[in-house]
Amino acid sequence: MREEGLWAGVKPYFDKAPLAALALGISSGFPYAMIGATLTTRLAQDGIDKKTVTAFSLAFLVYNLKWLWAWVVDGVRLPVIGAMGQRLSWLIVAGVLVMAAVTNLALVQPDKADIWPTVIAAIMVGIAGATFDIVIDAYRIEVLAPHQLGVGAGMSQYGWRLGSAGAGALALYVAARAGWHNAYLLCAVFALPAMVAGLLLGEPERHRPAARTGPRGVGAAVIEPLRQFLERPGAMLILAFILIHKVGDTLANLTFRLLFDDLKFTNDEIAFYDVWIGFLAFLVGIFVGGVLYARLGMKRSVLLSLVLMMLTNLSFAGLALAGHSNLGMAAAIGFENFASGIGGVCVVAYFSALTDVRFTASQYALISAAASIFGRLLTGTTAGALIDAMGYVNFYLLTTVAALPGVLLFWWMSRTGLVDRSMGIAGVDPDKPD
């Protein structure tokens, strides 16, 4: 008898693979928090000057560069522990490295006279955390069945939020009572959920080893993931979509606080509407995204999410036109985060499905880097100047138009069958045609 109603939408989230994705997300999110707002607070309380504190944001650069060494996770078999399996062994080793790096950062005392030990410790957390991310993404994709990629992406995002926010909150609570050293030492345990999930589920059944030895093997490990992707039908169009699909969204997102400030919203209003209402809407969007992916299939759910994310820019054009309006701010922020939650699930699931299970780590690292770099570069170089030149209303109208090519390109790829023909092994499920 067919299950209907709310339980039918909730039940897939309680399968063991999506639950594992939740645990993986928790462990993925916490290193980011350790070198983010948590470290900023610690440095400020230790009397480090503002210029030095903000310079620590450079530690995040390693996350944008993780594709440079992602091939190692695919192509290098670890000695001894490698007998557990390529993915599981790297998951355990990367988790231990993160715990060691966070412990090292805990034991370093920030000093105005010599800040470099703290800088190096933060970069080490970034490198270890980025490596953990590479392994976690690969393990998540391979442990999920193709029809679970949407729900798994949603659970992973839930976990990331829990891990980053939970570690940050725990660090502040413990630091106030037992000092920053103990706070960081305790937060290192956030690496355990992913490791435990890996030990419980074991090596993903869908993984296909690509480990090689010798100089020729290293070269193949570096080149083959890219070659295999570029040899697919319509590879350059798929790559073009990856590069442009978030241009309008990224252009708009990083300017919201500028708009709020110019519209004279107070810090309390921003905290309530942008942080709390936005956060709740995002969580709802993640859940809805998982349901849509399962019910509508990959192509229709991705296309719908792209359209919704494009339309959110119009809501901010409306807010800019309306001026200081709490109702308008709540509507714009709520819609934007709801659509971002849906898009985060459906688009991430699609990108996951593009990977080949022999090169999951390498290909997903490349795809995720390509998906963000163009929009961020364009935003950093043009957004402020465009707002000054045309005003907020026209700027958000422009960002809406900038999102249209990505929507139209994906629609065309779906209609022509290119989306299906270019799919990686990770997205192939012969028992569940899209």
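Everything numeric here is computed off the predicted structure, so don't read it as measured data.

Caption draft 1: View of the overall build of the protein. Broken down by element type, the protein carries 19 helices and zero strands. In the protein, of all internal contacts separated by at least 6 residues, the share reaching a separation of at least 24 is 83%. Surface summary for the protein: the accessible area is close to 19,300 Å², and the carbon and sulfur share equals 68%.

Caption draft 2: Broad picture of the pattern of salt bridges. As enumerated under the stated definition, the model contains eight salt bridges in all. With a shortest N-O distance of 3.9 Å, Asp137 and Lys66 are connected by a salt bridge. Of this pair, Asp137 sits in helix α8 (residues 116-143) while Lys66 sits in the loop between α5 (61-64) and α6 (70-75), and the two are 71 residues apart along the sequence. For Asp137, a relative accessible area of 14% corresponds to the buried category. Among the residues examined, Lys66 registers a relative accessible area of 10% and is labelled buried.

Caption draft 3: Spatial organisation of unusual backbone geometry. If you check the backbone angles, Val80 has positive phi at about 65 degrees while not being a glycine. Checked against the element boundaries, Val80 lands in the loop between α6 and α7 (86-107). Residue classification places Val80 among the exposed residues on the basis of a relative accessible area of 80%. One non-glycine residue, Lys264, lies in positive phi territory at about 65 degrees. Position of Lys264 among the secondary structure elements: in the loop between α14 (256-262) and α15 (267-296). A relative accessible area of 62% means that Lys264 is categorised as exposed.

Caption draft 4: The environment of Val96, seen in detail. As for its position among the elements, Val96 is in helix α7. A residue is classified by how much of its surface remains accessible, and Val96, at 44% relative accessible area, is partly exposed. Taking the C-alpha atoms as reference points, Val96 and Phe132, 36 residues apart in sequence, are found 9.4 Å from one another.

Caption draft 5: Structural detail: the nonpolar core. Core analysis: the biggest nonpolar cluster contains 97 residues, and Met34, Ile242, Tyr350, Phe351 and Met413 have the highest contact counts within it. Counting residues per element, this core draws most heavily on α8, which supplies 14 residues. What Ile242 contacts, discounting residues up to four positions off in sequence, is Phe229, Phe351, Leu354, Ile367, Ala370 and Ala371.

Caption draft 6: Spatial organisation of the packing of helix α16 (residues 298-322) against helix α17 (residues 326-353). α17 packs onto α16 with a crossing angle of 155 degrees between their chain directions and a minimal axis gap of 8 Å. In terms of orientation, α16 lies roughly antiparallel with respect to α17. Read as a crossing pair, α16 and α17 show a hand that is left-handed. Among the residues forming the contact of α16 with α17, the class breakdown is 18 nonpolar, seven polar and one charged.

Caption draft 7: The side chain of Ser422, seen in detail. Inspection of the secondary structure puts Ser422 in the segment after α19 (418-421). Residue Ser422 is classed as buried on the basis of its relative accessible area, which comes to 1%. A distance of 2.9 Å separates the side chain of Ser422 from the backbone oxygen of Leu418, its partner in a polar contact. In this structure, Ser422 is in contact with Arg232, Pro233, Ile238 and Leu354, ignoring residues within four places of it in sequence.

Caption draft 8: Just a nonpolar patch on the surface, in detail. Residues Leu61, Leu65, Trp67, Leu68, Leu226, Leu230, Met236 and Leu366 make up a contiguous nonpolar surface patch of about 710 Å² in total accessible area. Looking at the secondary structure, you find Leu65 in the loop between α5 and α6. Residue Leu65 is classed as partly exposed on the basis of its relative accessible area, which comes to 38%.

Caption draft 9: Layout of the packing of aromatic side chains. Tallied over the full model, the rule gives 16 aromatic pairs. A centroid spacing of 5.2 Å and a plane angle of 80 degrees characterise the contact between Tyr32 and Tyr63, whose relative ring orientation is edge-to-face. Of this pair, Tyr32 sits in helix α2 (residues 16-34) while Tyr63 sits in helix α5, and the two are 31 residues apart along the sequence. Centre to centre, the rings of Tyr392 and Tyr396 are 6.2 Å apart; their planes meet at 15 degrees, and the pair counts as stacked. One end of the pair is Tyr392 and the other is Tyr396, both in helix α18 (residues 360-415) and four residues apart, which spans about a single turn. By the burial criterion, Tyr392 is buried, and Tyr396 matches it. In this structure an aromatic cluster arises from ring pairing among Phe256, Phe316, Tyr392, Phe395 and Tyr396. Above the plane of the ring of Tyr184 lies Arg42, whose end atom (NZ or CZ) is 5.0 Å from the centre.

Caption draft 10: Looking closely at helix α12 (residues 235-244). Every buried residue of α12 is listed here: Ala235, Ile238, Phe241 and Ile242. Viewed end-on, α12 has its buried residues packed into an arc of 125 degrees, placing them on one side of the element.

Caption draft 11: Fine view of α17. Taking 1.5 Å per residue, 28 residues should reach 40 Å; α17 reaches 40 Å between its end C-alpha atoms and fits that length. The element α17 is extensively covered by neighbouring structure, given that 20 of its 28 residues are classed as buried.

Each value, and the rule that gives it
- Residues numbered from 1 in each chain as written.
- Predicted model: local features only at pLDDT ≥ 70, side-chain atom pairs only at ≥ 80, totals over all residues.
- Heavy atoms only, no water.
- Helix = DSSP H or I, 4+ residues; strand = E, 2+ residues; numbered from the N terminus.
- Contact = heavy atoms within 4.5 Å.
- Areas by Shrake-Rupley, 256 points an atom, 1.4 Å probe, with all protein chains shown as cover.
- Salt bridge = Lys/Arg side-chain N within 4 Å of Asp/Glu carboxyl O.
- Buried < 20%, exposed > 50% of the residue type's maximum accessible area, 1.4 Å probe, protein only.
- Core = buried A, V, L, I, M, F, W, Y, C linked by side-chain atoms within 4.5 Å.
- Axes fitted to C-alpha atoms, helices over the stretch in contact; angles between N-to-C directions.
- Parallel < 35°, antiparallel > 145°, perpendicular 65-115°, else oblique.
- Left-handed = near helix turned anticlockwise from the far one by under 90°.
- Nonpolar A, V, L, I, M, F, W, Y, C, P; charged D, E, K, R; others polar.
- Polar contact = N/O pair within 3.5 Å; in protein donor to acceptor, adjacent residues only side chain to side chain.
- Patch = residues over 30% accessible without salt bridge, like charges linked within 9 Å, V, L, I, M, F, W, Y side chains within 5 Å.
- Phe/Tyr/Trp six-rings, centres within 6.5 Å; stacked < 30°, edge-to-face > 60°.
- Lys NZ or Arg CZ within 6 Å of the ring centre and 35° of its normal.
- Arc of directions from axis to C-beta.
- Expected span 1.5 Å × (residues − 1).

Spatial relationships are all this shows, so hold off on functional conclusions.
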